[in-house]
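Observations on chain architecture
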Amino acid sequence: MKNFLLHIILTFVILDTSPLYQLLKVPSLIRHYTEHKAINENISFVDFLSMHYWGDDLDDNDDEKDMQLPFKKFEIQHINFIPTFSTATFIFKYTTWPVEQHYGPDKPQGNYNAALGSLFRPPRA
């Protein structure tokens, strides 16, 4: 199952990143050929290809259909692939380091008078 999915994804990537996606337009080529064959019964498939790809097309007002043929027009897609082959693997080890916690002495080191720290203090002499 894993290999099947891998092959499907690889097929989509190849079709998307290369001009091979134009092969999906072959049914429109056959359909357009049958339309021309209905107009002119003496036209062969090679004549049809030479008319649409190598020569002058007839003025039959089907330019929109002509441009839907495979390899008639396609975008150039520029994609950079940088193949990297590495055999080194990195393993991160989880290490615990003891942490010493120093919070100070358990008892206060001086005498603390709560009146000295309050807002309302007794008058000083």
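All values reported here derive from a predicted model rather than from experimental measurement. (Residues numbered from 1 in each chain as written. Predicted model: local features only at pLDDT ≥ 70, side-chain atom pairs only at ≥ 80, totals over all residues. Heavy atoms only, no water.)

Attention now goes to the overall build of the protein chain. When helices and strands are tallied, the protein chain shows four helices and zero strands. Overall, the protein chain shows an N-to-C arrangement of helices and strands of α-α-α-α. The 125 residues of the protein chain split such that 14% are buried. The contacts in the protein chain between residues at least 6 apart in sequence include a share of 49% that link residues at least 24 apart. Split by element, the accessible area of the protein chain, about 12,200 Å² in all, is 62% carbon and sulfur. (Helix = DSSP H or I, 4+ residues; strand = E, 2+ residues; numbered from the N terminus. Buried < 20%, exposed > 50% of the residue type's maximum accessible area, 1.4 Å probe, protein only. Contact = heavy atoms within 4.5 Å. Areas by Shrake-Rupley, 256 points an atom, 1.4 Å probe, with all protein chains shown as cover.)

With that settled, the discussion passes to the nonpolar core. Judged by nonpolar contacts, L29, Y33, I43, F48, L49, M51 and L69 together constitute the single largest core of seven residues. Those elements giving two or more residues to this core turn out to be helix 2 (26–39) and helix 3 (45–54). When residues in this core are grouped by element, the largest group, three residues, is from helix 3. (Core = buried A, V, L, I, M, F, W, Y, C linked by side-chain atoms within 4.5 Å.)

With that out of the way, let us pick up the packing of helix 2 against helix 3. Packing of helix 2 against helix 3 brings their axes to within 11 Å, and their N-to-C directions diverge by 105 degrees. Between helix 2 and helix 3, the interaxial angle falls into the category roughly perpendicular. Along the contact surface, helix 2 presents L29, H32, Y33 and H36, while helix 3 presents F45, F48, L49, M51, H52 and Y53. Among the residues making up the contact of helix 2 with helix 3, the classes are represented as seven nonpolar, three polar and no charged. (Axes fitted to C-alpha atoms, helices over the stretch in contact; angles between N-to-C directions. Parallel < 35°, antiparallel > 145°, perpendicular 65-115°, else oblique. Nonpolar A, V, L, I, M, F, W, Y, C, P; charged D, E, K, R; others polar.)

We now examine helix 3. Side chains three or four residues apart in an α-helix point the same way, a direct result of the helix having 3.6 residues per turn. Considered for burial, the residues of helix 3 that qualify are F48, L49, M51 and H52. Taken down its axis, helix 3 places every buried residue within 165 degrees of arc, on the same side. The outward face of helix 3, more than 90 degrees from its buried face, is lined by the exposed residues V46 and W54. Tucked into the core, helix 3 has its buried residues touching helix 2 and helix 4 (63–66). (Arc of directions from axis to C-beta.)

Per-residue pLDDT for the protein chain has a mean of 76; in total, 79% of the residues score no lower than 70. Ranking the elements of the protein chain by mean pLDDT puts helix 4 last, at 74, and helix 2 first, at 86. (pLDDT = per-residue confidence, 0-100.)

One pass over the full model with this rule turns up three aromatic pairs. A connected cluster of aromatic rings, assembled from ring pairs, spans Y33, F45 and F48. (Phe/Tyr/Trp six-rings, centres within 6.5 Å; stacked < 30°, edge-to-face > 60°.)

The next subject is the side chain of H32. Locating H32 in the fold gives a position in helix 2. Non-local contacts of H32, meaning those with residues more than four positions away in its chain, are made with F48, H52, D62, K65, D66 and L69.

What follows concerns a nonpolar patch on the surface. A cluster of nonpolar side chains, contributed by L10, I14, L20, L23, V26, I30 and F71, occupies part of the molecular surface with about 580 Å² of accessible area. Of all the secondary-structure elements, those providing two or more residues to the nonpolar patch are helix 1 (2–17) and helix 2. Structurally, V26 is set in helix 2. The partly exposed category is assigned to V26, whose relative accessible area is 30%. (Patch = residues over 30% accessible without salt bridge, like charges linked within 9 Å, V, L, I, M, F, W, Y side chains within 5 Å. Salt bridge = Lys/Arg side-chain N within 4 Å of Asp/Glu carboxyl O.)

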